[in-house]
Amino acid sequence: MRLVAALAALTLAAPGAALQVDAGARSPAPVAAGAGFRWTGTAVQGGLIQVVAPAGSVAVTLDGVALSPAPDGRFPIGFDRDAGPLALLAATAADGRRIVQPIAVAPRAWRIERLATLPRFPAPDPVMAQLRPAELARIAAARALVTDADGWRQPFRWPATGRISGLFGAQRIYRGEPGAYHSGTDIARPTGTPVAAPADGVVILAADRPFTLEGTLLMIDHGQGLNSAFLHLSRIDVRVGDHVRQGQIVGAVGMTGRATGPHLHWSLRWRDARLDPMLAAGAM
């Protein structure tokens, strides 16, 4: 409701224009487009943009949550698969003035498969129930790490090329009950196919044994809250704490964990937002 109220109070001078607001003013004064936030990329569900904060900003927020731009004022923003239609960027200057920038987030159509006869959940797996909490804790701890990586600045490359066998955002509906959507992109390749780092980064998780679902799991932090995860690997060639370069071989395709055939599952996250790797890497 705060976002809606804030947007209702804004009158833009032109599409994409930012608003500069005096701390004690009763109504916002519009400024020319380009005087506030600037970004490259498309604001779309599952998408990633690169943003430059207004010069002299001392604080930046997205929907009220604090961000930490790099010293040059740059930072990425990712939009979750289920992101709402509007996001609100705000910057505070040293004298207390605020620049507010609404961002319209374009919706997407997702592949939905309806299964009227199958239940959502299979029979309970007691082994998974025992192991899963510790696995999820390791993943959460890895994502919470802050590194000096700056691969977020780079155009991402595909970690492997081949037939796309699973699309980000695809979802099944079981007897009317939605299942979890597919959180990454699957690339079907033979076991042993090399997997390369899609951008510079720091290794934050390198599984020493297969996880129940993800199998042999590798995670790389690209900085600014952006990280990649590679699932079902047959091997990992790097260790936690290693700095890797874009294009460096970090492991190999496999079918460990819950996989019906050899493939690479690549997932990408910015903070808690799940992103579409195909949008980040572009045409294969």
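Quick caveat, the model's predicted, so the values are computed rather than measured. (Residues numbered from 1 in each chain as written. Predicted model: local features only at pLDDT ≥ 70, side-chain atom pairs only at ≥ 80, totals over all residues. Heavy atoms only, no water.)

*Asks:* Please explain the overall build of the chain as it appears in this structure.
*Replies:* What the chain contains, in helices and strands, is three helices and 23 strands. Going through the 284 residues of the chain one by one, you find that 44% of them count as buried. The long-range share in the chain, meaning contacts at least 24 apart out of those at least 6 apart in sequence, stands at 67%. Taken as a whole, the chain presents about 14,400 Å² of accessible surface, with 56% of it coming from carbon and sulfur. (Helix = DSSP H or I, 4+ residues; strand = E, 2+ residues; numbered from the N terminus. Buried < 20%, exposed > 50% of the residue type's maximum accessible area, 1.4 Å probe, protein only. Contact = heavy atoms within 4.5 Å. Areas by Shrake-Rupley, 256 points an atom, 1.4 Å probe, with all protein chains shown as cover.)

*Asks:* Could you clarify how one ought to interpret unusual backbone geometry in this entry?
*Replies:* In most cases, non-glycine residues show a negative phi, while peptide bonds are predominantly trans. Of note, Asp63 is a non-glycine position whose phi angle comes to about 50°, a positive value. Of note, Asp63 is situated in the loop between β5 (57-62) and β6 (65-67). With a phi close to 55°, Gln224 is a non-glycine residue in the positive phi region. The topology assignment puts Gln224 in the loop between β17 (216-223) and β18 (226-233). By relative accessible area, Gln224 is classed as partly exposed at 26%.

*Asks:* Is there a simple way to explain helix α2 (residues 126-143) in this structure?
*Replies:* Owing to its 3.6 residues per turn, the α-helix aligns residues three or four sequence positions apart on the same side. With 18 residues, α2 extends 27 Å between its outermost C-alpha atoms, agreeing within 8% with the 26 Å of an ideal straight helix rising 1.5 Å per residue. Helix geometry: α2 is bent most strongly at Arg132, by close to 40°, with proline Pro133 lying one to four residues after it. The set of residues buried in α2 consists of Met128, Arg132, Glu135, Ile139 and Ala142. (Expected span 1.5 Å × (residues − 1). Bend = angle between axes of the 7 residues up to and from the residue.)

*Asks:* Even after reading the chapter, I still don't get the pattern of salt bridges, so can you show me in this structure?
*Replies:* Should the charged atoms of two oppositely charged side chains come close, the side chains can pair. All told, the structure shown has 12 salt bridges when counted by the stated rule. We note a salt bridge from Arg153 to Asp72, for which the minimum N-O separation is 2.8 Å. Note that Arg153 is positioned in the loop between α2 and β11 (163-166) and Asp72 in the loop between β6 and β7 (74-78), a separation of 81 residues in sequence. With a relative accessible area of 41%, Asp72 lands in the partly exposed category. Among the charged side chains, a salt-bridge network with shared partners connects Asp72, Arg74 and Arg153. (Salt bridge = Lys/Arg side-chain N within 4 Å of Asp/Glu carboxyl O.)

*Asks:* Looking at this structure, I do not really get the environment of Val244. What am I missing?
*Replies:* For Val244, the position within the fold is in strand β20 (residues 243-244). On the accessibility criterion, Val244 (1% relative accessible area) is buried. Separated by 93 residues in the primary sequence, Val244 and Gly151 have C-alpha atoms spaced 9.5 Å apart. Apart from the residues within four sequence positions on either side, Val244 is in contact with Ala197, Asp200, Gly201, Val203, Ile220, Val238 and Val250.

*Asks:* How should the side chain of Thr193 be read in this particular structure?
*Replies:* Of note, Thr193 is situated in the loop between β14 (185-188) and β15 (194-196). Judged by relative accessible area, Thr193 falls into the buried class, the value being 10%. In terms of polar contacts, Thr193 uses its side chain to reach the backbone carbonyl oxygen of Pro190, at 2.8 Å. Once residues within four sequence positions are removed from consideration, Thr193 is found in contact with Gly251, Ala252 and Val253. (Polar contact = N/O pair within 3.5 Å; in protein donor to acceptor, adjacent residues only side chain to side chain.)

*Asks:* What is the right way to read the sheet that holds strand β21 (residues 249-252) from this model?
*Replies:* In a beta sheet, neighbouring strands are held together by backbone hydrogen bonds and run either parallel or antiparallel to one another. What the three strands build is an open sheet, ordered β15-β21-β19; its pairing is antiparallel. Looking at which strands have only one partner, the edges of the open sheet turn out to be β15 and β19 (235-236). The pairing of β15 with β21 spans three bridges and is antiparallel. Its bridge partner lying in β21, Ala196 is registered against Ile249. (Pairing = 2+ DSSP bridges.)

*Asks:* What is the right way to read the sheet that holds strand β10 (residues 112-115) from this model?
*Replies:* Spatial ordering of the open sheet is given by β10-β12-β13, a layout of three strands whose pairing is mixed. Strands at the two margins of the open sheet, each flanked by one partner only, are β10 and β13 (177-178). For strand β12 (residues 171-174) and β13, the ladder comprises two bridges, and the chain directions are antiparallel. In the strand pairing of β13, Tyr174 is matched with Glu177.

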